[in-house]
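Each chain, written out:
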Amino acid sequence: MAGQMPMEAALVCLGALVWLLGGRHYGMRRARLLLAGGGVVAAGPPVREQALAELRRLHGRWGAECWALVAGLVLSLLGASVIPVVAGAAGVPVLRRVRLARQARRIRERRADAVIALCGALAGEVRAGRQPGEALLRAARDSGGLGDAQAAVVAAARFGGDVPGALAVAARQPGAEGLLGLAACWRVAVDQGAGLAAGLDRLDGALRAERDQRADLRAQLAGARATAVLLAALPALGLLLGAAMGADPLRVLLHSGAGLGCLTAGAVFEAAGTWWAMRIVRRAEAV
């Protein structure tokens, strides 16, 4: 009887997940339609299609970290223990943090590329004979490198405001640090009459060189990152091999004192090794 409790707990967790993915949202939608119109509500889509749609929606909202909980539920059913469910739930916030950090890095890189495009477009507009304010308006509209602060910079350029100050504020966005160089070029060109196009060309070249250097460093570190990921996946491969050989590793790990001790120690060393390897890679990228 006591041995059935983990299996029953896992089944309850799986049922709760299915209810969260399907029935709850459809019931809420039916209630909103009835309260809003009072008419007849058409029958919902088939259960399988509805579950797939909810899975796609959940994956788009939470990303890959939701699969940690799914994997925990599957292992919980296979191993008749709630430990995999707890481990999967604990891994969700960690994986979510990793995914959000990756998204933030992509946004930062796109913003840096937009700043480079802004500098090139502005230099071209100035060479075409337009005044700096008008050239900045056109370049900002075409490149979008100012991000959330574009309205303030455009207003300063259009109405004769403090354009370098607005550019300095816009440079506080992650990835838009190159706007500080643009602000310096603008200040020198306006205050001392220096050529704005020449300064923008040098700034554009420097930003492109810095971007290429980061891309080259990331390509060199791709092998180390892939090795760390492969080493982190080896324990799962070992479990699969043990199960294929009929050793039943889940029963040993989850239902014996020695197995629980090995599982705990292995999880600690696995987490520490992965964190240390990724920390080395991140520090190398930050150099």
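Not measured: the values here are computed from a predicted model.

Draft legend 1. Main features of the overall build of the protein. Looking only at helices and strands, the protein has 12 helices and zero strands in total. If you list the helices and strands of the protein from N to C, you get α-α-α-α-α-α-α-α-α-α-α-α. A total of 287 residues make up the protein; the buried ones form 28% of that total. Partitioning the contacts of the protein with sequence separation of at least 6, the portion at a separation of at least 24 is 57%. Here the protein has roughly 17,600 Å² of accessible surface; of this, 66% comes from carbon and sulfur atoms.

Draft legend 2. Up close: a nonpolar patch on the surface. Together, Leu 230, Leu 231, Leu 234, Leu 237, Leu 240 and Leu 241 line one region of the surface with nonpolar side chains, adding up to about 610 Å² of accessible area. Judged by relative accessible area, Leu 230 falls into the exposed class, the value being 54%.

Draft legend 3. Looking closely at the packing of helix 7 (residues 150-158) against helix 8 (residues 163-170). Running from N to C, helix 7 and helix 8 cross one another at 170°; their axes reach a closest spacing of 9 Å. Compared by their axis directions, helix 7 and helix 8 come out roughly antiparallel. Side by side, helix 7 and helix 8 meet where Ala 152, Val 153, Ala 156 and Ala 157 of the first sit next to Val 163, Ala 166, Leu 167 and Ala 170 of the second. Of the residues assigned to the contact of helix 7 with helix 8, the class counts are eight nonpolar, no polar and no charged.

Draft legend 4. Representation of the nonpolar core within the structure. One finds Leu 122, Leu 167, Leu 179 and Leu 182 to be the most contacted residues of the largest nonpolar core, which totals 34 residues. Top contributing element to this core by residue count: helix 5 (residues 83-127), with seven residues. When sequence neighbours within four positions are dropped, the list of residues in contact with Leu 167 reads Leu 146, Val 153, Leu 179, Leu 182 and Ala 183.

Draft legend 5. Region of the structure containing helix 10 (residues 196-244). Taking 1.5 Å per residue as the helical rise, helix 10 with its 49 residues ought to reach 72 Å, and the 69 Å between its terminal C-alpha atoms agrees with that figure. Maximum bend of helix 10: about 35°, positioned at Leu 221. Every buried residue belonging to helix 10 is among Leu 196, Ala 197, Gly 199, Leu 200, Leu 203, Asp 204, Leu 207, Leu 221, Ala 228 and Gly 242, and all of these are buried. Gly 246 lies just past helix 10 and shows a positive phi near 80°.

Draft legend 6. Examining the packing of aromatic side chains more closely. Following the criterion strictly, the structure yields one aromatic pair and no others. A ring pair is formed by Trp 275 and Trp 276, whose centres lie 6.0 Å apart and whose planes are at 50°; its orientation type is tilted.

Draft legend 7. Fine view of the side chain of Asp 204. Residue placement: Asp 204 occurs in helix 10. Overall, the relative accessible area of 13% leaves Asp 204 in the buried class. Once residues within four sequence positions are removed from consideration, Asp 204 is found in contact with Ile 116, Cys 119 and Gly 120.

Draft legend 8. Local environment of the pattern of salt bridges. One pass over the structure, following the stated rule, counts 10 salt bridges. With a closest N to O distance of 3.7 Å, Arg 138 and Glu 134 form a salt bridge. Linking Arg 138 with Glu 134, this pair stays in helix 6 (residues 132-143), spanning four residues, or about one helical turn. Given a relative accessible area of 29%, Arg 138 falls into the partly exposed group. Using a relative accessible area of 38% as the deciding quantity, one classes Glu 134 as partly exposed.

Draft legend 9. Main features of the confidence of the model for the protein. Residues at a pLDDT of 70 or more form 76% of the protein, whose mean pLDDT is 78. The least confident element of the protein is helix 2 (residues 23-37), whose mean pLDDT is 46; the most confident is helix 8, at 89. Under a pLDDT of 50 for its full length, residues 1-6 has, in the predicted model, three contacts with residues more than four places off or in other chains. Note that pLDDT drops below 50 for residues 18-44; the model gives that stretch 23 contacts with residues more than four away or on any other chain.

Draft legend 10. Highlighting the state of the cysteines. For the coordinates displayed, the defined rule picks out zero disulfides. Between Cys 119, a cysteine without a disulfide, and Cys 185, which holds the nearest cysteine sulfur, the sulfur-to-sulfur distance is 7.6 Å.

Draft legend 11. Spatial organisation of the environment of Arg 106. Mapped onto the elements, Arg 106 comes out in helix 5. The spatial distance from the C-alpha of Arg 106 to the C-alpha of Gly 175 is 9.6 Å, given a sequence separation of 69 residues.

Draft legend 12. Seen up close, the packing of helix 4 (residues 66-79) against helix 5. Relative to each other, helix 4 and helix 5 sit at 170°, their axes nearing to 7 Å. Accordingly, the angle class assigned to the pair helix 4 and helix 5 is roughly antiparallel. Packed against helix 4, whose contacting residues are Ala 68, Leu 69, Gly 72, Leu 73, Leu 75 and Ser 76, the element helix 5 presents Pro 84, Val 85, Gly 88, Ala 89, Val 92 and Leu 95 at the interface. Broken down by class, the residue content of the contact of helix 4 with helix 5 amounts to nine nonpolar, three polar and no charged.

Rules behind the numbers
Residues numbered from 1 in each chain as written. Predicted model: local features only at pLDDT ≥ 70, side-chain atom pairs only at ≥ 80, totals over all residues. Heavy atoms only, no water. Helix = DSSP H or I, 4+ residues; strand = E, 2+ residues; numbered from the N terminus. Buried < 20%, exposed > 50% of the residue type's maximum accessible area, 1.4 Å probe, protein only. Contact = heavy atoms within 4.5 Å. Areas by Shrake-Rupley, 256 points an atom, 1.4 Å probe, with all protein chains shown as cover. Patch = residues over 30% accessible without salt bridge, like charges linked within 9 Å, V, L, I, M, F, W, Y side chains within 5 Å. Salt bridge = Lys/Arg side-chain N within 4 Å of Asp/Glu carboxyl O. Axes fitted to C-alpha atoms, helices over the stretch in contact; angles between N-to-C directions. Parallel < 35°, antiparallel > 145°, perpendicular 65-115°, else oblique. Nonpolar A, V, L, I, M, F, W, Y, C, P; charged D, E, K, R; others polar. Core = buried A, V, L, I, M, F, W, Y, C linked by side-chain atoms within 4.5 Å. Expected span 1.5 Å × (residues − 1). Bend = angle between axes of the 7 residues up to and from the residue. Phe/Tyr/Trp six-rings, centres within 6.5 Å; stacked < 30°, edge-to-face > 60°. pLDDT = per-residue confidence, 0-100. Disulfide = S-S within 2.5 Å.

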